[in-house]
Every structure is written in C-alpha cells, then in structure tokens.
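This is what each chain is made of:
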Amino acid sequence: MVAFPTETVYGLGADASNPAAVARIYAVKGRPADHPVIVHVGDPEQVARWARDVPDPAKRLMARYWPGPLTLVLRRAQGVGDYLTGSQDTIALRMPGHPIALELLREFGGGIAAPSANKFGHVSPTTAEHVRRDLGAEVDLILDGGPCEIGIESTIVDLSRGTPVLLRPGRISEADLAAALGVAPEARGRGAPRAPGTLETHYAPRQPMRLVGSSRWIEAIQSASMRIGVLALRSKPQRDTSTMWIEARKEPQGYAHDLYANLRALDESGCNEILVEDPPSTADWAAVRDRLARARSG
Ligand code: TXA
Ligand code: MG
C-alpha cells in the first residue's frame, strides 16, 4: 500500500490484482466494501486487461485526455473481481498525468487501485501532509509530490451503456466531453450506478458547513452568533470576528486548486461553523459547486 500524488488529489494505492491488498485500502479508509474503486494504469494498452470492450468514444477520450484527470467507466473484462467494482459489471479506469504517479505505475507494471487517500467521507488530500494527518501510521509509504495541481478529483464519465453519462464533474468539463464525443453527456440519473463520490454528503469537513448566496451574505455574517470560519469571494471586512477568513481565488481553477486545503484550514481554525459564499452559477464553476454541495451539511 502506498499513498501517491496525482494531478487531482493524492491516492491510496495497492495492487489492483490482489484482493487482500485492496481490502487493506478499504480497511484503512474506513470505506464500505461495496463501493467501487478506480484502477489506475500507466499505459492505455492496459485497458484491455480490465475492460471487456473499449467503445470508440472511450478511445477518443483516452487519445485526447490521457494521461489526465479523466476516469472512464467501462464494462469490466472477464475475471475482474467484485472487490474492485462493488459487484457491478463495470470498472473505472484512469491514467493519471502526474510524473510520480506515472513512474510508480510503470515501475510496478500492473494496475493500481486507488481511492483518494483520506478517511471515508472526509475531504480529499491535496498534499502529502494531508495524507499523513488523515491516515498517519496506517500507511506504509507516502510519496510526496508537493501540492496537487488541480486539487479536485477527476471527471468521471460512464461509457458502459451507449449514452455517455457524466457521473462526476471535474477539470475536464461537460463542454470538453461534448466536443470530444460529438454529443453532450447525460447528467447522472436515478438509474446511475452507485458511486460514493456522488452520495449527497461527501468530501465533508468535520465542522458543519453552510453555503450562503451572495445576496444573503452580509445578513448571514452579521447574524452568525457562533464562531465562524469563512471562505468568501470577497475580502475580509474591517471589523471581522471570524476565527479565520479566507478570500478565495476568483476563477474556478484557482478556487478548486485551493479548495480542500482551505476547508481543512477552516476546519482546524477553532470555528464551530463554516460559512462558504456560493460561487457563480456558470458552467465553468460546475465542478467546484458540485464539491461544495456535497461538503455542506444538510
Ligand atoms: O481524481 C481521482 O479520481 C482520484 C485520484 C486518486 O485518482 N481518485 C478518486 O477515487 O477520487 P475515489 O475512490 O475517492 O472516487 C472514485 C469514484 C467514486 O465515486 C466511485 O464510486 C466511482 O469513482 N466509481 C468507481 N468505480 C465505478 C464504477 N464501476 N461505476 C461507477 N462509479 C465508479
Ligand atoms: Mg474519495
């Protein structure tokens, strides 16, 4: 088992062909056993080992975005164990773009099963220190590649059933996918496969977190009676009583890059509630809005 950097977030990796090794990841994360995991590969050629068929749209996306922050869900190949797929007939695959992840994969040769290297339900780690704090002595080895470039998890698209379905938004946007596929991916529907990253509450800080629209912001701040930690798009007012006020970067990629580190810092600031100013509702903020919506409480 080894924690390693990717361009999105740190992963907790183990030999994807070894059920006992993968079981250890689940135990360390405290993750329910029926949740599927992403298998990371060091070469697109290896997809054939895990996926039964690789449809043209998948080939197109791989050619364009691998290595990179894109996970493909495909029909699993024969012999791919239930321990990787949550007993579904599909397998999630990704070739990460980080040089250390790629070197690890190439040295190892096989597929590496890796969820984000955090305790189940907690905020994903974007530095080696985050991993150390979350999982500490339970992890044999942490490869330190510095802060992750993107900061939020990969885009996940399901290509296992004809129509492409966007399961998790990320740096590679719906528009990027539409351009590469020639058709817009569907939004995740009711019949979509189970994915823990798509549960209502996930990626959450430990303190309660509230999203506040810009129009109600001033009122929310003024009426907050508790010790609040703040993630806002505006600067700290002169008479501010928050335990910590973070003025976020105002473009979505910079915001995403800092998001999990910011939530962790606020969580540890001694506040007992986190207030986050709602980012714009435009498409370029979709992945950030998705993560914030899951991080908030209720
Ligand atoms: O950026 C990322 O994807 C990071 C880095 C480490 O690669 N990994 C990551 O893994 O975010 P994890 O386990 O935290 O999230 C994987 C997501 C989950 O929401 C899971 O349910 C979904 O992928 N998933 C895995 N296999 C699936 C499948 N067969 N069908 C549908 N969703 C699947
Ligand atoms: Mg995760």
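Everything that follows concerns the structure shown earlier in this document.
Residues numbered from 1 in each chain as written. Chains lettered and ligands numbered in written order. Predicted model: local features only at pLDDT ≥ 70, side-chain atom pairs only at ≥ 80, totals over all residues. Heavy atoms only, no water.

Asker: I keep staring at the sheet that holds strand β1 (residues 2-4) and nothing clicks. Help me out?
Answerer: Read from one edge of the open sheet, nine strands run β1-β2-β6-β3-β5-β4-β7-β8-β9, paired in mixed fashion. Either end of the sheet is taken by a strand with one partner, and the two such strands are β1 and β9 (186-187). With three bridges joining them, strand β3 (residues 38-40) and strand β5 (residues 90-94) adopt parallel strand pairing. Within the sheet, the bridge partner assigned to H40 lies in β5 and is R94. Against the sheet, helix α1 (residues 19-29) makes contact with β2 (11-15) and β6 (112-113), and its axis sits at roughly 155° relative to β2, the strand it touches most. (Pairing = 2+ DSSP bridges. Helix = DSSP H or I, 4+ residues; strand = E, 2+ residues; numbered from the N terminus. Contact = heavy atoms within 4.5 Å. Axes fitted to C-alpha atoms, helices over the stretch in contact; angles between N-to-C directions.)

Asker: Would you take a moment to explain the sheet that holds strand β12 (residues 244-247) for this structure?
Answerer: Sheet strands pair by backbone hydrogen bonding; their relative direction is either parallel or antiparallel. Taking strand neighbours across the sheet as the criterion, the four strands line up as β10-β13-β11-β12 in an open arrangement whose pairing is parallel. Edge strands, defined here as strands with exactly one partner in the open sheet, are β10 (209-212) and β12. The mean angle between the axes of side-by-side strands here comes to 15°, regardless of whether they run parallel or antiparallel. Pairing geometry for strand β11 (residues 228-232) and β12, over four bridges, is parallel. Bridge assignment links V230 to a residue of β12, and that residue is W245.

Asker: How do you make sense of α1 when you look at a structure like this?
Answerer: Residues three or four positions apart in an α-helix share a direction because the helix packs 3.6 residues into each turn. When we look at burial in α1, the residues that qualify are V22, I25, Y26, V28 and K29. Seen along its axis, α1 keeps its buried residues to an arc of 170°; they face one direction. Set apart from the buried face of α1 by more than 90 degrees, the exposed residues are A20 and A27. For α1, the secondary structure elements touched by its buried residues are β2, α4 (82-85), β6 and α6 (128-135). (Buried < 20%, exposed > 50% of the residue type's maximum accessible area, 1.4 Å probe, protein only. Arc of directions from axis to C-beta.)

Asker: What is the right way to look at helix α5 (residues 99-108) in this model?
Answerer: Along α5, the residues that are buried comprise A101, L102 and L105. With its buried residues spanning 95° around the axis, α5 presents them on a single face. Residues of α5 that are exposed and point more than 90 degrees away from the buried face comprise P99, E103 and E107. Contacts made by the buried residues of α5 are with β1, β3 and β6. A positive phi of about 95° marks G109, the residue just after α5.

Asker: What am I meant to see in the environment of C148 here?
Answerer: The topology assignment puts C148 in the loop between α6 and β7 (155-158). Judged by its relative accessible area of 2%, C148 falls in the buried class. Sequence-distant contacts of C148, that is, excluding residues within four places in its chain, are made with T6, E7, T8, V9, Y10, P125, T126 and H257.

Asker: Please explain the packing of aromatic side chains as it appears in this structure.
Answerer: Overall, the coordinates contain two aromatic pairs when judged by the stated rule. Note on W217 and W245: the rings are 6.1 Å apart at their centroids and 85° apart in plane angle, and the pair reads as edge-to-face. With a gap of 28 residues between them, W217 in helix α8 (residues 217-223) and W245 in strand β12 connect regions that are remote in the sequence. One exposure class covers both W217 and W245, and it is buried. When the centroid spacing of 5.3 Å and the interplanar angle of 80° are considered together, the rings of Y255 and W285 count as edge-to-face. Of this pair, Y255 sits in helix α9 (residues 252-267) while W285 sits in the loop between β13 (273-277) and α10 (286-295), and the two are 30 residues apart along the sequence. The burial state of Y255 is the same as that of W285; both residues are buried. Of note, R31 hangs over the ring of Y26, and the distance from its end group to the ring centre comes to 5.6 Å. The ring centre of W50 lies 4.0 Å from the NZ or CZ of R49, which sits over that ring. (Phe/Tyr/Trp six-rings, centres within 6.5 Å; stacked < 30°, edge-to-face > 60°. Lys NZ or Arg CZ within 6 Å of the ring centre and 35° of its normal.)

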